[in-house]
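Structure at a glance
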Amino acid sequence: MELKLLIVEDDRLLAEAASDYFVGKGWSVETTEDGTRALELLDLQSFHLILLDVMLPGMDGFAVCRRIREVCDVPVIFITARVMEEDMLNGYSLGADDYVTKPFSLPVLYAKAMALTGRVQGINAFVELGALKVDTRSRRVFRGGDFLPLPPKEYEMLLFLIQNKGRVYSREQLLIRFWGYDFDGNERVVDNHIKKLRKAMGSCGCTIETVRKFGYRLSVINDGLQPREI
């Protein structure tokens, strides 16, 4: 599996050096100097890792990281020229996974990247069922070649149902799992999210069935299709 990296860095020499190093290790790399463009690229494709400069022109790295975390959990390593505890704490609070300080060692950066992407541990990144493909690293779902922009809760529910294909879950079980014991609403919130999820899934070789007076299960329309991890 080819790993994909997005480098968001306005220092062209540094970006080129990092890009060349990762390409030499078999990665596919996209680079941009602009935070807004980085978010556009993230909408168009999934990445296994993002290297993100803190001091970007226009939208800074902190703002970019905040926007990234609204849509996915792809690992983010901040690149910074300054070492300030408040900046690091701010970055971690926004969802950054690690920091590297300029100038940095490319082998060390690569080691951090491999640890974060799970390649070293051999963690599978994709789950497929029917025409659905879930990238668990970037938390993105595709139907055929089309990206399905699912909100976080619906993504989590879909992945859970795929991984437990054929099992029936009551509304109460799903409510507790995804909203917690302290949720003040009622079980109808589960029905509403399932309805939205079905609409987003469309025709994909599997469906979320209603089990009358109980709950839901994900079933494969074509029994020859089985969930698999690659």
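Conventions we followed
- Residues numbered from 1 in each chain as written.
- Predicted model: local features only at pLDDT ≥ 70, side-chain atom pairs only at ≥ 80, totals over all residues.
- Heavy atoms only, no water.
- Helix = DSSP H or I, 4+ residues; strand = E, 2+ residues; numbered from the N terminus.
- Buried < 20%, exposed > 50% of the residue type's maximum accessible area, 1.4 Å probe, protein only.
- Contact = heavy atoms within 4.5 Å.
- Polar contact = N/O pair within 3.5 Å; in protein donor to acceptor, adjacent residues only side chain to side chain.
- Pairing = 2+ DSSP bridges.
- Axes fitted to C-alpha atoms, helices over the stretch in contact; angles between N-to-C directions.
- Core = buried A, V, L, I, M, F, W, Y, C linked by side-chain atoms within 4.5 Å.
- pLDDT = per-residue confidence, 0-100.
- Salt bridge = Lys/Arg side-chain N within 4 Å of Asp/Glu carboxyl O.

This brings us to the environment of Ser-46. Locating Ser-46 in the fold gives a position in the loop between α2 (35-44) and β3 (49-53). We classify Ser-46 as buried; its relative accessible area is 10%. A sequence separation of 42 residues divides Ser-46 from Lys-4, and the C-alpha atoms of the two residues are 7.7 Å apart. With residues near it in sequence (within four places) discarded, Ser-46 still touches Lys-4, Asp-135, Ser-138, Arg-140 and Phe-142.

Time to look at the side chain of Glu-9. Within the fold, Glu-9 resides in the loop between β1 (4-8) and α1 (12-24). Judged by relative accessible area, Glu-9 falls into the buried class, the value being 1%. At a separation of 3.3 Å, a polar atom in the side chain of Glu-9 contacts the side chain of Lys-102. Apart from the residues within four sequence positions on either side, Glu-9 is in contact with Leu-14, Ala-15, Thr-32, Glu-33, Asp-53, Leu-56, Ile-79 and Lys-102.

A few words on the sheet that holds strand β11 (residues 206-211). Consider a sheet: its strands pair through backbone hydrogen bonds, and that pairing is either parallel or antiparallel. Read from one edge to the other, the open sheet built from three strands follows the order β10-β12-β11, with strand pairing classed as antiparallel. Taken across any chain shown, the strands that pair with only one partner, and hence form the sheet edges, are β10 (169-170) and β11. Direction of pairing for β10 relative to strand β12 (residues 215-220): antiparallel, over a ladder of two bridges. Paired with Tyr-169 across the bridge in β12 is Tyr-216. In this fold helix α8 (residues 188-201) packs onto β11 and β12, with an angle of close to 155° to the strand it touches most, β11.

A separate point is the nonpolar core. Membership of the largest hydrophobic core comes to 30 residues, with the highest contact counts inside it found for Leu-132, Leu-158, Val-190, Met-201 and Leu-218. Every element with two or more residues in this core is listed here: β6 (126-129), β7 (132-135), α6 (152-163), α7 (171-179), α8, β11 and β12. In terms of residues, this core owes the most to one element, α6, which gives seven residues. For Leu-158, the residues in contact, after removing those within four places along its chain, are Leu-132, Val-141, Leu-150, Leu-197, Met-201 and Leu-218. Counting residues in each nonpolar core, the second largest holds 22 residues, with Leu-42, Phe-47, Leu-52 and Ile-68 among its members.

Checked against the element boundaries, Glu-154 lands in helix α6. Look at Glu-154 and you get buried, because its relative accessible area is 6%.

On to the confidence of the model for the chain, then. With 91% of its residues at a pLDDT of 70 or more, the chain has an overall mean of 83. At the level of individual helices and strands, the chain shows its lowest average pLDDT in strand β13 (residues 228-229), which scores 44, and its highest in β1, which scores 94. Of the regions scoring below 50 in pLDDT, residues 223-230 engages in 21 contacts with residues more than four places distant in sequence or in other chains.

Evaluated as defined, the whole model comprises nine salt bridges. A salt bridge links Glu-209 to Arg-217, with the shortest nitrogen-to-oxygen separation between them at 2.9 Å. Glu-209 gets classed as partly exposed once you look at its relative accessible area, which sits at 30%. Under the relative-accessibility criterion, Arg-217 is labelled partly exposed at 30%.

A cis amide bond links Lys-102 with the next residue in sequence, Pro-103, at an omega value of -10°. Inspection of the secondary structure puts Pro-103 in the loop between β5 (98-101) and α5 (106-117). In this structure, Lys-213 takes a positive phi of about 65° despite not being glycine. Within the secondary structure layout, Lys-213 lies in the loop between β11 and β12.

Position of Glu-33 relative to the elements: it lies in the loop between β2 (28-32) and α2. Residue class for Glu-33 comes out partly exposed when judged on its relative accessible area of 31%. Residues Glu-33 and Met-88, 55 residues apart in the sequence, show an inter-C-alpha distance of 21 Å. When sequence neighbours within four positions are dropped, the list of residues in contact with Glu-33 reads Glu-9, Asp-10, Arg-12, Leu-56 and Pro-57. Only 2.4 Å separates the side chain of Glu-33 from the side chain of Arg-12, close enough to count as a polar contact.

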